[in-house]
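Analysis of the macromolecular model
These are the residues of each chain, in order.
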Amino acid sequence: MPINILMPALSPTMEKGNLAKWLKKEGDTVKSGDVIAEIETDKATMEVEAVDEGTIAKILVPEGTQDVPVNDVIAVLAGDGEDVKAAGAGAAKPAPKPAEAPAAKPAAILAARPAAATPAPRPAPAPQAASPAPQTNGQGRIFSSPLARRLAKEAGIEISRVVGSGPHGRIIARDVDQAKSGKGLKAPAAAPAGGPALAPSMSDQQVRALFEEGSYEVVPHDGMRRTIAQRLTASVQTIPHFYLTIDCDIGKLLTAREEINKQAPTDKDKKPLYKLSVNDFVIKAMAVALQKIPNCNVSWTDGGMLKHKHSDVGVAVAMPGGLITPIIRKAETKTLSTISSEMKDFAARARARKLKPEEYQGGTTAVSNLGMYGINHFTAVINPPHATILAVGTSEERPVVRGGKIEIAHMMSVTLSCDHRAIDGALGAELIGAFKVLIENPVMMMV
């Protein structure tokens, strides 16, 4: 019996993905472990491996298709000894209504690993009046013609918000043409019951009306930018932030860093095996501080507080079109040189979009450092499920008063953002105080 190959969920939060590329074509035989396709998520491109063996009988979702819902059938595999043409012909038939759907054979299980491809942009949303839900195939995919999908993508219109006038509500080209002028568009989906009430915002047309036609270019949002917008909007609307800022004298740290880097072992080409940065010390100090103040190493849930045993520190890395936060796991147990090596590897693979989901999902806190841009103070938005994030400014020489005398010291300002549901002001002050002691006396990180 033919085996359905489904759009895999490559992360716990993934709902849709882009089918970037097919690496097998119809009629090709596959065996377990063969890479058959590349799927784009909001953060990375993953290679999808087949587990079952057989022949690709029919590809139902062509490469380049965007926003394919998880668990949609993307291809059909004919098993050993099966008639490939018959399996393909059966797959091409219209899907039965949900009430008539026969019991399906278990779908093919897919494994995933990072790929080097760059995600393609997704269409930007366009607003307007509310309308009935679009006609779907029972699995979440909206009925629309290929031409309509292409026109919607080119116009920066989300196809799910276009009202279809074709048979059974199918979206056709003329519907997209109407949507370009603001007609036949549904309002954005309402927040789920019990979820946060979102403040009303200006529609796309209202914003564009403020500017002269032709004076701007519309750049559609890609998946990463959409995810950043959704997560950070939810963060500021649902997490009560408060901020604690403190100045740190990092003179001893800079001296220690210089000495450690001088003594670093070299490879056969006489290049040092590592070169510590100030940020490596920051990561280590934050990790150790959370161990000293364990009530801050937590995640809020409605059912109870999650108290974490280890300090898994996410570090914000800028990349084209957005940012990602790879995680140094059990950072309190690692040497500075190990942290430095992991961060260099993470940063390089993050910019190439080759990180695995488990390398950037989760974590117990985060560090965001804008010191290299000359920023001396800023506040950062908490990234759930974290309860804290440390914003690090630049180190600079400043006048300080010591013993009634003015001296020059290397100072660095840091600001801790806290989730007030999980961490009270005094507790947050203890954490940032512990961080200050460690960063000003780096030898204490080794104790």
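Notes on the structure follow. (Residues numbered from 1 in each chain as written. Predicted model: local features only at pLDDT ≥ 70, side-chain atom pairs only at ≥ 80, totals over all residues. Heavy atoms only, no water.)

A few points about the state of the cysteines
This is how it is decided: The definition used for a disulfide is geometric: two cysteine sulfur atoms within 2.5 Å. Throughout, exposure labels follow a simple rule: accessible area from a 1.4 Å probe, protein chains only, divided by the maximum for the residue type, with under 20% read as buried, over 50% as exposed, and the rest as partly exposed.
Tallying each qualifying case throughout the model produces zero disulfides. With no disulfide of its own, C418 lies 6.4 Å from the sulfur of C296, the closest cysteine sulfur. Residue classification places C418 among the buried positions, given a relative accessible area of 0%.

Some words on the packing of helix α2 (residues 146-155) against helix α3 (residues 173-180)
Filter applied, for reference: Angular values range over 0 to 180 degrees, each being the angle between N-to-C directions of two axes fitted as lines to C-alpha atoms, with helices fitted over their stretch in contact. Strands are runs of DSSP state E lasting at least two residues, helices are runs of H or I lasting at least four, and both sets are numbered from the N terminus onward. Note on angle classes: values under 35 degrees are labelled roughly parallel, values over 145 roughly antiparallel, values of 65 to 115 roughly perpendicular, and the remainder oblique. Left-handed describes a crossing whose near helix is turned anticlockwise from the far helix through less than a right angle; right-handed describes the clockwise counterpart. Residues are treated as being in contact if the distance between any of their heavy atoms lies within 4.5 Å. Residue polarity is assigned by list, with Asp, Glu, Lys and Arg as charged and Ala, Val, Leu, Ile, Met, Phe, Trp, Tyr, Cys and Pro as nonpolar; anything else, Gly included, falls into the polar class.
Closest axis-to-axis distance for the α2/α3 pair is 8 Å, and the angle between their directions is 20°. The angle between α2 and α3 falls in the class roughly parallel. The element α2 and its partner α3 pack so that their crossing is right-handed. Packed against α2, whose contacting residues are L147, A148, L151, A152 and A155, the element α3 presents A173, V176 and K180 at the interface. Of the residues in the contact of α2 with α3, the class split is seven nonpolar, no polar and one charged.

Digging into the sheet that holds strand β3 (residues 29-30)
Rules: A pair of strands is considered paired only if DSSP assigns at least 2 bridges between the two.
The sheet built from four strands is open, its strands ordered β1-β8-β6-β3 with antiparallel pairing. The sheet is open, and its two edges are formed by β1 (3-6) and β3, each paired on a single side. Two strands pair when backbone bridges link them, and β1 and strand β8 (residues 73-78) are joined in this way by four bridges, in the antiparallel orientation. Bridged to N4 within β8 is V76.

What to know about the environment of P385
When you line up the elements, P385 lands in the loop between β17 (365-369) and β18 (388-402). Sequence separation between P385 and L306 is 79 residues; the distance between their C-alpha atoms is 9.8 Å. Leave out the neighbours within four places in its chain, and P385 touches V298, S299, G362 and G363.

What about helix α5 (residues 223-238)?
Operational definition: Here, expected helix span is obtained from the residue count minus one, scaled by 1.5 Å.
With 16 residues, α5 should reach 22 Å at 1.5 Å per residue; the first-to-last C-alpha distance of 22 Å fits that figure. G223, M224, R226, T227, I228 and S235 are the residues of α5 that are buried. In this structure, the buried residues of α5 make contact with β10 (241-249), β14 (317-319) and β15 (322-324).

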